[in-house]
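# Architecture and fold: a report
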Amino acid sequence: MFSKIKALKDVRNQAKKIEHILADIIAEGKSHGVIVRMNGKQEIIELTIPEDLDRTRIANAVKDALAEAMKGLQKEVQSAIKNAGGLPDMSKLGM
């Protein structure tokens, strides 16, 4: 019983550690002058659209910039979680 409580506490501590690491990761994607910046929690923190960009190209440029940012973010997050000791081991909780 107490080993499961300790394991749960360890999982929670590791999850908090990873959450803080993710908040500090920033990835950027660019397409046709559109810039999308995201953090490791997959929140868009900045979106820049040039004023002279044709309205018909805005949607595609945003989509492409977002896809590029997500690719970069996935690589950064994977590396950061690995360097932080990996994801918590849920098997200790009987899962």
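Calculation criteria
Residues numbered from 1 in each chain as written. Predicted model: local features only at pLDDT ≥ 70, side-chain atom pairs only at ≥ 80, totals over all residues. Heavy atoms only, no water. Core = buried A, V, L, I, M, F, W, Y, C linked by side-chain atoms within 4.5 Å. Buried < 20%, exposed > 50% of the residue type's maximum accessible area, 1.4 Å probe, protein only. Helix = DSSP H or I, 4+ residues; strand = E, 2+ residues; numbered from the N terminus. Contact = heavy atoms within 4.5 Å. Salt bridge = Lys/Arg side-chain N within 4 Å of Asp/Glu carboxyl O. Polar contact = N/O pair within 3.5 Å; in protein donor to acceptor, adjacent residues only side chain to side chain.

So, about the nonpolar core. Of all hydrophobic cores here, the largest spans 15 residues; its most connected members are Leu22, Ile25, Val34, Val36, Met38, Leu73 and Val77. Residue assignment for this core shows that the elements contributing at least two residues are α1 (2-24), β2 (34-39) and α2 (55-83). Tallying contributions element by element places α2 first for this core, with seven residues. In contact with Leu73, not counting residues within four places along its chain, are Ile25, Ala27, Met38, Asn39, Gly40 and Gln42.

To continue, consider the pattern of salt bridges. Under the criterion given, the structure shown has four salt bridges. In this structure, Glu28 engages Arg37 in a salt bridge whose closest nitrogen and oxygen atoms are separated by 3.8 Å. Of the residues examined, Arg37 reaches a relative accessible area of 27% and is grouped as partly exposed. One continuous salt-bridge network, built from bridges that share partners, spans Glu28, Lys30, Arg37 and Glu46.

Let's shift gears to unusual backbone geometry. Backbone geometry at His32 places phi at a positive 50°, although glycine is not the residue there. In this fold, His32 is placed in the loop between β1 (26-31) and β2. Backbone geometry places Gln42, a non-glycine residue, at a positive phi of 65°.

Mapped onto the fold, Asn39 is located in strand β2. A distance of 2.9 Å separates a polar atom in the side chain of Asn39 from the backbone nitrogen of Lys41. Asn39 has contacts with Leu22, Ala23, Ile25, Ile26, Ile45 and Leu73, leaving out every residue within four places of it along the chain.

That is the geometry; function is a separate question.
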